[in-house]
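# Notes for the structure review
Residues per chain are reported as follows:
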Amino acid sequence: MITDINNAGKNALNVLCLGSGPCAPQKNNDTAHYLINGSVLLDTGWATVQGLIDRDIDPLSFDTIVFTHFHPDHYMGLHSLIFYWLWKGRDLSKLRIAGPAENIEIIVRRAAEYWQDDCFRGIYPTLMPLNPGDNINLNGIHFACRRAPHPVPALSYRITAESAKSDIGFTGDTRHEPGQAEFFAGCGILFSEASCGASRNPDPSWGHMSAYQAGQLAAEASVGRLVLVHTGSPEISCAAAREYFANTEPAVVGAVYSV
Ligand SMILES: [Zn+2]
Ligand SMILES: [Zn+2]
């Protein structure tokens, strides 16, 4: 297992796991979020600035954030990241933020305006509203977007890069539904949420998946590896998912996943 993003080799896609936890922070583990190829942050967890610094990664070293959705466990870290950029004197307009089109503007505006002091000069990050079906290229990483059924507007992503051996999928927070397997078909790695753990019949209105459903999805999509995140009991969830998909593992914080 590679744990150093700087020594991830010549792979085309390298995903550093900065957190794997459920909606509430855990000891030494933030909510699920990732740094892709050192240049695109996918969600910010609660405290991404601290997590990056703890791993010797400069929070100014990337210029793009992509959000799956705007629930607090996925974007609270944006406030401290914006403050860090302002405090370091960086031009906030150079920070690109992509995410669900329905509410990206109000969320990012509020986060920027939270800093009512001299360092905030009314300059906002550059917004990239995303909709289901969109395909965008960010720093050489291609993102395909799919609607994720969740209580707030949310997106699942399938990413690839030139000369990558395969694609990587991220369910984000979502309930299980038909069509997901087609979207993630053949991904080398699928990061799936498993918020409902070893629940056989989770209430669909929660907008989350069980580990069984994550395993079913991985099997239907014929992915290479299933990596579970956003679960309070990773080992129990992995055992449940393996009923359907043997190559299931818990996400390891600090590990780099490459294709
Ligand atoms: Zn969440
Ligand atoms: Zn959520």
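Please refer to the structure higher up on the page.
Throughout what follows, the structure given in this document is the object of discussion. (Residues numbered from 1 in each chain as written. Chains lettered and ligands numbered in written order. Predicted model: local features only at pLDDT ≥ 70, side-chain atom pairs only at ≥ 80, totals over all residues.)

## A few points about the packing of helix α6 (residues 211–221) against helix α7 (residues 234–241)
Inclusion rule: All axes here are fitted lines through C-alpha atoms, helices being fitted over the stretch that makes contact, and every angle between N-to-C directions spans 0 to 180 degrees. Note on conventions: DSSP H or I runs of at least 4 residues are helices, E runs of at least 2 residues are strands, and numbering of each starts at the N terminus. Roughly parallel covers angles under 35 degrees, roughly antiparallel covers those over 145, roughly perpendicular covers 65 to 115, and oblique covers all other angles. For a crossing to be left-handed, the near helix must be turned anticlockwise from the far one by less than a right angle; the clockwise case is right-handed. Contacts here follow a simple rule: the backbone-placed C-beta atoms of the two residues must lie within 7 Å. Three categories are distinguished: nonpolar for Ala, Val, Leu, Ile, Met, Phe, Trp, Tyr, Cys and Pro, charged for Asp, Glu, Lys and Arg, and polar for the others, with Gly belonging to the last.
At a closest axis distance of 7 Å, the pairing of α6 and α7 adopts a crossing angle of 45 degrees. With respect to α7, the axis of α6 lies oblique. For the crossing formed where α6 meets α7, the hand is right-handed. The residues of α7 that touch α6, namely those facing Ala211, Tyr212, Ala214 and Gly215, are Ser237, Ala240 and Ala241. The class makeup of the residues in the contact of α6 with α7 is five nonpolar, two polar and no charged.

## A word on the sheet that holds strand β13 (residues 225–229)
Operational definition: If DSSP finds at least two bridges between two strands, the strands pair.
Taking strand neighbours across the sheet as the criterion, the seven strands line up as β8-β9-β10-β11-β12-β13-β14 in an open arrangement whose pairing is mixed. In this open sheet, the two strands that pair with only one neighbour each are β8 (135–138) and β14 (248–250). If you compare each strand with its neighbour and ignore which way they point, the axes differ by 25 degrees on average. Of the pairings in the sheet, the one linking strand β9 (residues 141–147) to strand β10 (residues 155–161) comprises seven bridges and is antiparallel in character. Paired with Phe143 across the strands is Ile159, a residue of β10. On top of the sheet, α7 reaches β13 and β14; it is set at about 175 degrees to β14, its chief contact.

## Regarding the environment of Gly51
Examined against the element boundaries, Gly51 turns out to sit in helix α1 (residues 48–54). Considered as a pair, Gly51 and Thr126 are 75 residues apart in the sequence and their alpha carbons are 24 Å apart. Those residues in contact with Gly51, other than ones at most four positions away along the chain, are Leu18, Gly19, Asp30 and Gly45.

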